[in-house]
Every structure is written in structure tokens, then in C-alpha cells.
Amino acid sequence: MDRRSFLRLGGLAAMGSLAPTVAYAAAAEASPKLLVMIELKGGNDGLNTVVPYSDANYYALRPRLAIAREQVLQLDERTGLNPALQALMPLWQGGRLAVVQGLGYPKPNLSHFRSIEIWDTASDSDTVLQTGWLSRQFAARPLPPGYVSDGIAVGSPDLGPLDGGARALVLQSPDAFVRQARLAVDMGGGKVNAALAHLYKVEDDIRTAAKGLSVGGNLTTTFPDHGFGRTVKTAMEALAANRHIGVFRLTLGSFDTHVGQRGQQDRLLKELAEGLVALQAALTELGRWDDSLVFSYAEFGRRPQENRSAGTDHGTANAHFVLGGQVKGGLYGKAPELARLEGGNLLFGPDFRQLYATACRYCWQSDGSAALGGRYEPLPLVV
């Protein structure tokens, strides 16, 4: 029995690796910032999220799916947002929402499973890695002593970028976690083999995390009454209980809109926008908005041309959001060139690992090379 099977207790999957062995070093001089990653599971359609409304090719490629020019929430003379994202406009107008267009990677893979693995592990397209990029980051640069967890995943049973070594939890709710953690009993200090010693140590980590999440203040923030709103609420309740958490990975989906895309995507985008506004409010209430970085990501975008089922198929480069109290709002990256497609798909601009390098530098004062397998130029979107 592996440790994942052994420790999967209903909504709890506590994994982790053991106590860090590498000194925290230079980053100890400054308190780590909070990273919140939001996975748009299934591959969100970037062109109907961040709309190139001035490009006639957009309307030619999408005679049924295109968002009418007069409905678009204009960001500038060429680009606008899906009207379902109306709740984000105050963040844009306040200069704390960045839009990064054209995120992708060389030799893109159009398989859900393989492409999200590439994003989660920060690997090259033809390289398979066994550990998430955040696990490698925290192995090289551990969080300070006293952190209850490297990261917490909410909204999905998978750890994604936290898999393979990080002290991480999959969480349904802080209260449920504390109740379930009582199943992790203290086995004492008897002599055991290495495998059992490992399991006992992970159980100790569960109990430590449960203690750290057991007492928290009440939030006055109102959260939306939908799936993503409840996901954000769970994460923020955990942060209210204990601020010593490095990363949250939240999941919203499914954006795999092969059929009848408009209704499904618009509903999910509305949930995303409302959830992000509640996230900002809760982080502000907790005094964390100014030291948090929030960004969205997905395994891929969608093809520019709509299909015969009023949907879109798997594509490549995509647009994503970055927000936070120190984010310099605006448009970044590579705008879609719909007259210059490659195999019917968009050419990418910034490598997605540049976004990760931005997080490494801002949150942990790290160049990210240990996590990303090399150095990538951070995006200039944080103060």
C-alpha cells in the first residue's frame, strides 16, 4: 500500500514529504508571500475570455461563438473581456489586474493528461518529470519553520504542482480536515522499518497541520453561493485559521467545451470573476492582499476556429489573469495573430515558466532555476 492510498481519508489527502533538509538561507530575510494558483480545468477558451474584438478574423473564424463587439468589456482599442467577467472590471480599473496573452510552450501537446502534466511539472514537452515544480521549489528553498503546510489544494483531489514531495494537503474544509485527522493516531516511538517510519512521520505532519488549522477567526467576507465561491471560501477559512501556508491551488472547471460552449463557458467565467472578487475581499480582510500573487492557468487554450458543435477543440496558446495588491495591471504577452496560425492554432509568446519564475521571485526571492530546470525571465508585472 502506498502512502497516498493509506492516507486518503474522505476529503483529505495529506502527503508530504518530511522535514526540509535544506536551510532556508537568503529568503529568510523576508517573509514569504502567498501564492494562489487557479486551475481552469479542461482548457479554457482564451479567445472568448480575452476577446480580440477589433480583428475581423475573429468573427470569420467564429460565426456562431464570437462575442459581439458591443458586448465586449473594452480594455483598449483592440482587446476586451467576456461580459461574464464584469465583476473583474474594478480590479482592472484599479490597476491590480494583469492579462497575459499567448502563454504556452514549444512543441505543444494537445492531450489533457500530458499537457497539464507539463504545466504541473514545468517540464519540456518531451521530458517527463515525477515531481511538481512547487515540490522542487520547496525542496531547494524550504519555507520557514512553523509553516503548517507548503500548500493546500482545494476543488480537486489532485495536488498538481505540489505533488511528489511538498508538505501538502487536499482540503474539503478546515473543520472536516481536523475531524479526519483524528484518524491519524500517534503510533509511538517504537522501532519500525523505514516504510512504516515514513508513514508515521506523514501522520505526524497531519496532526501538526490539524492543530494549526483548528482555530481561526470568523471572516466577514461574503462568498458567492456556487462551486467556485465555496472553493474560495474553504481556502480563505484555512488561511484565517493559520497564515503560515505557502500556496493555495484552487480548481474550477470543466472548460472542455467541445459542444455548446457559450452557455458553459460564460457560467464558469462568471463564477471565476465573482470568486476572484471574493478572494480579494478576504485577502484584504486578512491583511494579505498586498503580499499575495494570484494567477490562473490551464493545460491549453482552444482552437481559434469553432467546430460544428458550437464549441472549440483543444488548442495551444492561451490568455491568463494575474492579480494582487502589488500587480501592475495591464496587457502583457503576445496578442493573438489570427491571420498567422500554425496548423490552425495560435503561436505562443511568453513561456508559461516565465509566469512561474515571476512567482518564484516575488513570493520566495528565488530565481526559480531549481524548480523550473533553468532560468526564465520573469514577466514585468509585479511592483
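Our subject is the structure listed above.
The structure contained in this document is the topic of the report that follows. (Residues numbered from 1 in each chain as written. Predicted model: local features only at pLDDT ≥ 70, side-chain atom pairs only at ≥ 80, totals over all residues. Heavy atoms only, no water.)

So, the side chain of Thr251
Its place among the elements puts Thr251 in strand β10 (residues 245-253). Of note is the side chain of Thr251, whose polar atom sits 3.4 Å from the side chain of Glu39. Among all residues touching Thr251, those that are not within four sequence positions of it are Glu39, Lys41, Val154, Gly155, Ser156, Phe228 and Thr231. (Helix = DSSP H or I, 4+ residues; strand = E, 2+ residues; numbered from the N terminus. Polar contact = N/O pair within 3.5 Å; in protein donor to acceptor, adjacent residues only side chain to side chain. Contact = heavy atoms within 4.5 Å.)

Remarks on helix α5 (residues 133-140)
Most of α5 is tucked away, with six of its eight residues classed as buried. What α5 keeps buried is the set Trp133, Leu134, Ser135, Arg136, Gln137 and Phe138. On its buried side, α5 packs onto β3 (34-41), α4 (112-121), β8 (149-154), β10, α10 (352-364) and α11 (369-372). (Buried < 20%, exposed > 50% of the residue type's maximum accessible area, 1.4 Å probe, protein only.)

Points about the packing of aromatic side chains
With the rule as written, the count across this model stands at nine aromatic pairs. Considering the side-chain rings of Tyr105 and Phe352, the 5.8 Å spacing of their centres and the 75° angle between planes classify their relative orientation as edge-to-face. With Tyr105 in the loop between β7 (97-103) and α4 and Phe352 in helix α10, this pair connects stretches of sequence that are 247 residues apart. The pair Tyr105 / Phe352 is uniform in exposure class, with both members buried. Ring geometry for Phe352 versus Tyr356: centroids 5.3 Å apart, planes at 85°, classification edge-to-face. Placement of the pair is Phe352 and Tyr356 together in helix α10, with a separation of four residues, close to one helical turn. Taken as a pair, Phe352 and Tyr356 share a single burial class, namely buried. In this structure an aromatic cluster arises from ring pairing among Tyr105, Trp119, Trp133, Phe295, Tyr297, Phe352 and Tyr356. (Phe/Tyr/Trp six-rings, centres within 6.5 Å; stacked < 30°, edge-to-face > 60°.)

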